[in-house]
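Residue strings, one per chain:
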Amino acid sequence: MPAHDASAVEQRLDSGLLGYWYVVAKSVDVKLGVPLSVKALGIDLVLWRGDDGTVRCLEDYCPHRGARLSFGRVSGPDISCRYHGVTLNGAGVVVSVPGMAQCALEGRSAVRSFPVQEHVDGVFVYFASVKNPNPPELVLPKELSDSEYTSFLCTAPWDCNYRYVLDNLVDPMHGIFLHADTFTLGRGVKQDTVEIVEKESGFIVKRVAQQDVNFDWSEIVVEGPVMFGRVIIPYPPAAGPGGAMFVIPIVTPINETSCRIFFWRTRHVADPIAREAWRFLFRASLEKRHWYVLEQDREMLERMPTTARHRESLYQHDLGVSRLRRIMYRKAVEQLETEAASSARVAV
Ligand code: FES
Ligand SMILES: [Fe+2]
């Protein structure tokens, strides 16, 4: 693909970069024996938890005549289409065609399957790229993998392209304006500049004149098996044990105009009693406040026109936004070039 084919690059960016693990559902929403339909990166998927408790994921499409597998039945570890009973395993191989003896479909790898892992209440699915067809080890940030942290996973569908959510994440200056009336986010000075701290895995964008007062910096990790953010919210003593709260957001594109956010709220509370106190406090009062903040972001982003990024006047505070866009653009170009080179090799 020539590097100047900007519309293909935009399309790839709009639908989602490949070669990452994305979260597609909360674990609790994949109930034993009940198929779940989800959409991610423009692909209809079916998730199901087999009788062994393992979650599997296929394209939501029966290879016989195209019925939705999510409308089917879980059958042991496998899934059966409701229409004529064709049964597939988690690798997308047809294991039985009950209506027809020795059917040629049996044993055929007929539907695309996706690697699945469950961690900290989330169901992660790997979307392969040509460069990385096999899933890399899913290494999660310490706030989600260290047992001294405790977290809550909030999720919601948002009617905007996922890139607006990422832009919002690397824009710490919006906090003091958009969230000025909230629990902690209205504190501090309104005028500031921002700076970037480069990291191997991505970058941090932070306010220059203010630290540890508010939502004063955010980090984005783009180099690795999963793209995620990190935000720190300093908490007053009234917010219970554990010091600052970390937010670890992952945004999964659904299609070009919608996405699903997965935000872990996490605190470092090693002591079991303090941990229970924090969990109780979160459920009893803080959770409502978090949703209030998230709703402010959602309403703002959903109301922006889908073409807004083509008609902007960025200023100094948008350093993070432009840095992230450059990184993602480069990744999209690389992916399309690798795909073009690979299909050219196949054609030869
Ligand atoms: S369409 Fe699924 S079994 Fe026929
Ligand atoms: Fe926000």
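Residues numbered from 1 in each chain as written. Chains lettered and ligands numbered in written order. Predicted model: local features only at pLDDT ≥ 70, side-chain atom pairs only at ≥ 80, totals over all residues. Heavy atoms only, no water.

1. Let's talk about the environment of Thr 338
Point 1. Within the fold, Thr 338 resides in helix H6 (residues 319–347).
Point 2. For the pair Thr 338 and Val 130, spaced 208 residues apart in sequence, the C-alpha separation works out to 6.8 Å.
Point 3. Not counting residues within four places of it along the chain, the set of residues in contact with Thr 338 comprises Val 130 and Lys 131. (Helix = DSSP H or I, 4+ residues; strand = E, 2+ residues; numbered from the N terminus. Contact = heavy atoms within 4.5 Å.)

2. Focus: the coordination of the iron ion (ligand 2)
Point 1. For the iron ion (ligand 2), the full set of protein donor atoms is His 174 (NE2), His 179 (NE2), Asp 297 (OD) and Asp 297 (OD), and the range of their distances to it is 2.1 to 2.4 Å.
Point 2. The site at the iron ion (ligand 2) holds four donor atoms, and with the angles between them running 56 to 148°, its shape is irregular.
Point 3. Counting the intervening residues between successive donors of the iron ion (ligand 2) yields the motif H-x4-H-x117-D. Placement of His 179 in the loop between helix H4 (175–178) and strand S12 (194–199) and of Asp 297 in helix H5 (residues 272–303) is noted, with a sequence separation of 118 residues between them. (Donors = N, O, S within 2.8 Å, 3.2 Å for Na, K, Ca; no water. Tetrahedral: all angles 85-135°; square planar, octahedral: opposite > 155°, others 65-115°.)

3. Topic: the domain arrangement of the protein chain
Point 1. According to the domain assignment, the protein chain consists of domain 1 (26–127) and domain 2 (142–329).
Point 2. On a C-alpha basis, the centroid separation for the pair domain 1 and domain 2 is 34 Å.
Point 3. Across the boundary between the two partners, domain 1 contributes ten residues, which contact twelve residues of domain 2.
Point 4. Taken together, both faces of the contact between domain 1 and domain 2 bury some 840 Å²; the carbon and sulfur share is 66%.
Point 5. If you look at where domain 1 meets domain 2, you find zero salt bridges.
Point 6. For the side of domain 1 that touches domain 2, the elements supplying multiple residues, two or more each, are strand S2 (36–40) and strand S10 (122–127).
Point 7. Considered class by class, the residues forming the side of domain 1 that touches domain 2 number four nonpolar, three polar and three charged. (Domains from an automatic or database assignment. Buried area = accessible area lost by both parts, 1.4 Å probe. Salt bridge = Lys/Arg side-chain N within 4 Å of Asp/Glu carboxyl O. Nonpolar A, V, L, I, M, F, W, Y, C, P; charged D, E, K, R; others polar.)

4. Overview of the pattern of salt bridges
Point 1. A complete count under the given rule lists 22 salt bridges for this structure.
Point 2. Residue Arg 309 is joined to Asp 14 by a salt bridge in which the shortest nitrogen-to-oxygen separation is 3.7 Å. Of the two residues, Arg 309 sits in the loop between H5 and H6 while Asp 14 sits in helix H1 (residues 6–15), which places them 295 residues apart along the sequence. Both residues of the pair, Arg 309 and Asp 14, count as buried.
Point 3. Salt-bridge contacts for Arg 230 lead to Glu 143; the nearest nitrogen and oxygen are separated by 2.7 Å. Placement of the pair is Arg 230 in strand S15 (residues 228–233) and Glu 143 in helix H2 (residues 142–145), with a sequence separation of 87 residues.
Point 4. Taking the relative accessible area as the measure of exposure, Arg 230 reaches 12% and is therefore buried.
Point 5. Taking the relative accessible area as the measure of exposure, Glu 143 reaches 2% and is therefore buried.
Point 6. Beyond isolated ion pairs, a larger network of salt bridges with shared partners links Lys 142, Glu 143, Lys 199, Glu 219 and Arg 230. (Buried < 20%, exposed > 50% of the residue type's maximum accessible area, 1.4 Å probe, protein only.)

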